[in-house]
Each structure stands twice: as C-alpha cells, then as structure tokens.
Amino acid sequence: MQAAPQDYRNVPIDIQTSKLLDWLLDRRHCGRRWPAQVAQVRERIRAALQDMPEHPEIRELLQGSYLHYFHCLRIVEILKGTEASTKNLFGRYSSQRMKDWQEIVSLYEKDNAYLGERG
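Residues numbered from 1 in each chain as written. Predicted model: local features only at pLDDT ≥ 70, side-chain atom pairs only at ≥ 80, totals over all residues. Heavy atoms only, no water.

### Some remarks on the nonpolar core
Nonpolar side chains in soluble globular proteins tend to end up buried together. With 20 residues, the main nonpolar core has Ile45, Cys72, Trp101, Ile104 and Tyr108 as its most contacted residues. For this core, the elements supplying multiple residues, two or more each, are α2 (34-48), α3 (56-63), α4 (69-82) and α5 (96-109). Filtering out sequence-adjacent residues up to four positions away, Ile104 remains in contact with Val41, Arg44, Ile45, Ala48 and Cys72. One finds Leu21, Leu24, Trp34 and Ala113 within the second-largest nonpolar core, a separate group that totals seven residues. (Core = buried A, V, L, I, M, F, W, Y, C linked by side-chain atoms within 4.5 Å. Buried < 20%, exposed > 50% of the residue type's maximum accessible area, 1.4 Å probe, protein only. Helix = DSSP H or I, 4+ residues; strand = E, 2+ residues; numbered from the N terminus. Contact = heavy atoms within 4.5 Å.)

Right under this line is the structure:
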C-alpha cells in the first residue's frame, strides 16, 4: 500500500526576504505596475493629510515618518467614528475626508500594490 503524498497546501513556504518581491511578482500576487500605483497613492496621501481631524490616535499615526497601507486602514477605521454624522440614507459617507481615505485604500488594494511597497 502506498503512502498518501503530503498535501502541498500544508507545506511551509521558505522565501528569503531579499527575494520576496520577486516571488510576489512571479506568482502574480502583486501587479508589475505597483511602483506607479504606489506613487499615485503617495500623492493622494499628501493631499489628504492637508485636512485631518484632531484625534489623538491619528496624531500618533502621523508622527511616524512613513504612512503605509495598514496605517491608512486604521485611519479609515478612526474616520468611521469621527465622520459617522456624515452618513447618508444609503450608508455612504458624504464627507470628502472619508472619501479621500477610502480611495487611498482602494488604490492600494488595486492589483495588491500594497504588497510590493517597502517602507
């Protein structure tokens, strides 16, 4: 009786960190145009930072030298609380501030550009 082959989905992946980006690109987890997409996101972040609410956690996030995808996700979560009064009948936010940050997160997620970004 033959032994069942090991399920390949449960085998750990060993990737050197220096080759991680190549691995992500080769397996199409990240689009090849990620640098251009991240540059566009960085421009949107610079514009969105001009209009930020006074909130202790946002102030703490902005003190860091580099905002990345996960910081942007946290800012959107905070804005859901501070901008809750701007929700319309359909549950969408009418606040330009919230729209800007949701667009930033959306741009990051397009073709998984946030995976290629290095801080």
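### Here's the deal with the packing of α3 against α4
Running from amino to carboxyl end, α3 crosses α4 at an angle of 165°, the nearest separation of the two axes being 10 Å. By the angle class used here, α3 and α4 are roughly antiparallel. Seen from above, α3 lies across α4 with left-handed handedness. Contacts between α3 and α4 involve Glu57, Ile58 and Leu61 from the first element and His71, Arg74, Ile75, Ile78 and Leu79 from the second. Of the residues contributing to the contact of α3 with α4, the split by class is five nonpolar, one polar and two charged. (Axes fitted to C-alpha atoms, helices over the stretch in contact; angles between N-to-C directions. Parallel < 35°, antiparallel > 145°, perpendicular 65-115°, else oblique. Left-handed = near helix turned anticlockwise from the far one by under 90°. Nonpolar A, V, L, I, M, F, W, Y, C, P; charged D, E, K, R; others polar.)

### Section: the side chain of Gln37
In this fold, Gln37 is placed in helix α2. Polar side-chain contacts of Gln37 include one of 3.0 Å to the backbone oxygen of Lys110. In this structure, Gln37 is in contact with Leu107, Lys110, Asp111 and Ala113, ignoring residues within four places of it in sequence. (Polar contact = N/O pair within 3.5 Å; in protein donor to acceptor, adjacent residues only side chain to side chain.)

### Some words on the side chain of Arg97
Its place among the elements puts Arg97 in helix α5. The buried category is assigned to Arg97, whose relative accessible area is 17%. With residues up to four places along the chain from it excluded, the contact list for Arg97 reads Asp51, Met52, Pro53, Leu79 and Glu83.

In short, geometric facts, not functional conclusions.
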